[in-house]
Amino acid sequence: MQVLPRVATAPRLTPRHVALDDLADLGPSLVDSDTLVTEQRVHSIALTAHSSEFVEMASLAVEGGTLADSDWYRTNWVDVALSSVDAANASFTESGLKRIIWDHCRMTGIQAGGCTIEDAGHLGCPMTMANLRFSNLQRVVFDGCDLTGADFTSARLTDVTFLDCQLGGAQFQQAQCSRVLVAGGSLGGIRGLSSLRGATFRLDGLDEIAQEMASELGFRLIER
């Protein structure tokens, strides 16, 4: 029986998949509602506080810029790699994110509650206070991310890895977990630990897990 998460599929952006055209800037004039933006290597994205609905982003490599405070309703992002992008407080409503990588992007306060997120990598991203309530995560990796105060309440986590992440104050109440791995990082103050039943924890986190379980169950731990 497999207990470790299955590996996520990377965005299909190699030359055998797609030929990307260079685009210096991707701004609001190119991202109207009901449009398709595809097959571009974007050197700077400029969509601060932009609002769109029914947009599809497909086969994009984004190398910088900002999505901060933007609002996306029922959008699809497929085969997208974002590097050093500011996505703080961006909001994704009823959206799908598939084969997507966020590489050292600022994602503080990002709103993705109720979204479907598949084959996604979050690498070295600040994600404090991220909202992932009721989201459906499949084959998702959080590697070296600060998830302090992140909210996974009632989320479905399947094949999800937390590697060396800060999870202090993160909430997992009523989450459903299958093949979840927590390895390294900090777990102090994690909430809803019982909802992670069935998850695999690396041994070096057992002390913090014991403390949090004791707190949640009303036990006291003492030295011998």
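Scroll up a little and you will see the structure.
None of the values given here were measured: they were computed from a predicted structure. (Residues numbered from 1 in each chain as written. Predicted model: local features only at pLDDT ≥ 70, side-chain atom pairs only at ≥ 80, totals over all residues. Heavy atoms only, no water.)

Participant: Is there a simple way to think about the packing of aromatic side chains in this case?
Facilitator: What describes a pair of aromatic rings is the distance from one ring centre to the other and the angle between the planes of the rings. This structure, assessed with the given rule, holds 9 aromatic pairs. When the centroid spacing of 6.0 Å and the interplanar angle of 85° are considered together, the rings of Phe142 and Phe152 count as edge-to-face. With Phe142 in strand S13 (residues 136–143) and Phe152 in the loop between S13 and strand S14 (156–163), the pair connects residues that are 10 residues apart, well separated along the chain. Judged by its relative accessible area of 1%, Phe142 falls in the buried class. Accessibility expressed as a relative area gives 0% for Phe152, which makes it buried. Taken together, a centroid distance of 6.0 Å and an interplanar angle of 90° make the contact between Phe162 and Phe172 edge-to-face. Of this pair, Phe162 sits in strand S14 while Phe172 is found in the loop between S14 and strand S15 (176–183), placing the two residues 10 residues apart along the sequence. Assigned by exposure class, Phe162 and Phe172 land together as buried. By way of ring pairs, the aromatic residues Trp72, Trp77, Phe92 and Trp102 are connected into one cluster. (Phe/Tyr/Trp six-rings, centres within 6.5 Å; stacked < 30°, edge-to-face > 60°. Helix = DSSP H or I, 4+ residues; strand = E, 2+ residues; numbered from the N terminus. Buried < 20%, exposed > 50% of the residue type's maximum accessible area, 1.4 Å probe, protein only.)

Participant: I keep staring at the nonpolar core and nothing clicks. Help me out?
Facilitator: As a rule of thumb, nonpolar side chains are buried together in soluble globular proteins. Phe142, Phe152 and Phe162 are the most contacted members of the largest nonpolar core, which totals 56 residues. Of all the elements in the fold, those that place two or more residues in this core are strand S2 (36–42), strand S5 (56–62), strand S8 (76–83), strand S11 (96–103), strand S12 (116–123), S13, S14 and S15. Phe152 has contacts with Leu132, Leu137, Phe142, Leu147, Leu157, Phe162, Gln171, Phe172, Gln173 and Ala175, leaving out every residue within four places of it along the chain. (Core = buried A, V, L, I, M, F, W, Y, C linked by side-chain atoms within 4.5 Å. Contact = heavy atoms within 4.5 Å.)

Participant: Sorry, what's going on with the environment of Arg133 here?
Facilitator: In this structure, Arg133 sits in the loop between S12 and S13. Arg133 sits 22 residues away from Ala155 along the chain, and the two C-alpha atoms are 5.5 Å apart. Arg133 has contacts with Gly113, Gly114, Asp151 and Thr153, leaving out every residue within four places of it along the chain. Of note is the side chain of Arg133, whose polar atom sits 3.2 Å from the side chain of Asp151. (Polar contact = N/O pair within 3.5 Å; in protein donor to acceptor, adjacent residues only side chain to side chain.)

Participant: Teacher, can you tell me more about the sheet that holds strand S16 (residues 200–201) here?
Facilitator: Hydrogen bonds between backbone groups are what pair the strands of a sheet, and the pairing can be parallel or antiparallel. Ordered in space as S1-S2-S5-S8-S11-S12-S13-S14-S15-S16, the 10 strands form an open sheet in which the pairing is parallel. Two strands lie at the open edges of the sheet, namely strand S1 (21–23) and S16, each paired on one side alone. Pairing of S13 with S14 involves 7 bridges; the strand directions are parallel. The residue of S14 that forms the bridge with Leu137 is Leu157. (Pairing = 2+ DSSP bridges.)

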